[in-house]
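Reading the structure
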Amino acid sequence: MSESVSETESVTAAVPPDGPAVPAPLDVARPSTGDAGIDAALERLADADHLATDGHLEVYEDVHQGLRDALTALDSRPGPPVPARHPAGAPG
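How each quantity is defined
- Residues numbered from 1 in each chain as written.
- Predicted model: local features only at pLDDT ≥ 70, side-chain atom pairs only at ≥ 80, totals over all residues.
- Heavy atoms only, no water.
- Salt bridge = Lys/Arg side-chain N within 4 Å of Asp/Glu carboxyl O.
- Helix = DSSP H or I, 4+ residues; strand = E, 2+ residues; numbered from the N terminus.
- Buried < 20%, exposed > 50% of the residue type's maximum accessible area, 1.4 Å probe, protein only.
- pLDDT = per-residue confidence, 0-100.
- Axes fitted to C-alpha atoms, helices over the stretch in contact; angles between N-to-C directions.
- Parallel < 35°, antiparallel > 145°, perpendicular 65-115°, else oblique.
- Contact = heavy atoms within 4.5 Å.
- Nonpolar A, V, L, I, M, F, W, Y, C, P; charged D, E, K, R; others polar.

Turning to the pattern of salt bridges, a few remarks are in order. Throughout the structure, instances matching the rule amount to three salt bridges. With a shortest N-O distance of 2.5 Å, arginine 44 and aspartate 62 are connected by a salt bridge. You can see arginine 44 sitting in helix α2 (residues 36-44) and its partner aspartate 62 sitting in helix α3 (residues 56-76), a full 18 residues away along the chain. Arginine 44 gets classed as partly exposed once you look at its relative accessible area, which sits at 22%. With a relative accessible area of 40%, aspartate 62 lands in the partly exposed category. Linked through salt bridges whose partners overlap, the residues forming this network are Arg44, Asp47 and Asp62.

Our focus in this paragraph is the confidence of the model for the protein chain. Of the residues in the protein chain, 77% have a pLDDT of 70 or more, and the chain-wide mean is 78. Per-element mean pLDDT across the protein chain ranges from 50 in helix α1 (residues 7-13) up to 91 in α3.

What follows is about the environment of alanine 36. Structurally, alanine 36 is set in helix α2. Taking the C-alpha atoms as reference points, alanine 36 and alanine 70, separated by 34 residues in sequence, lie 9.7 Å from one another.

With that out of the way, let us pick up the packing of α2 against α3. How two helices sit against one another is set out by the angle between their axes and by the gap between those axes. Between α2 and α3, the least distance of the axes is 9 Å, while the angle of their chain directions is 170°. With respect to each other, α2 and α3 are oriented roughly antiparallel. Taking contact as the criterion, the partners of Ile38, Ala41 and Arg44 in α2 are, on α3, Glu58, Val59, Asp62, Val63, Gly66, Leu67 and Ala70. When the residues that make up the contact of α2 with α3 are grouped by side-chain class, the tally is six nonpolar, one polar and three charged.

Here it is as structure tokens:
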């Protein structure tokens, strides 16, 4: 085995012999998307790192709602003007 600790060993080390695993950060990189609202929602995922599994659902639902809100906001932005449609056979 190499000198580095395998993933299995690091997870096993966080599990006390007489109970459930202790919350441990996953250290998943969350690069910036360039959108402040989306970045804030994704940063909220870090809160799950310090919670027991039964606390993750609230964080995930909050992040999901934040991402849905960001997508909904995109739909409400004015887009480019739609070209006028001419009736069939009419000169354009």
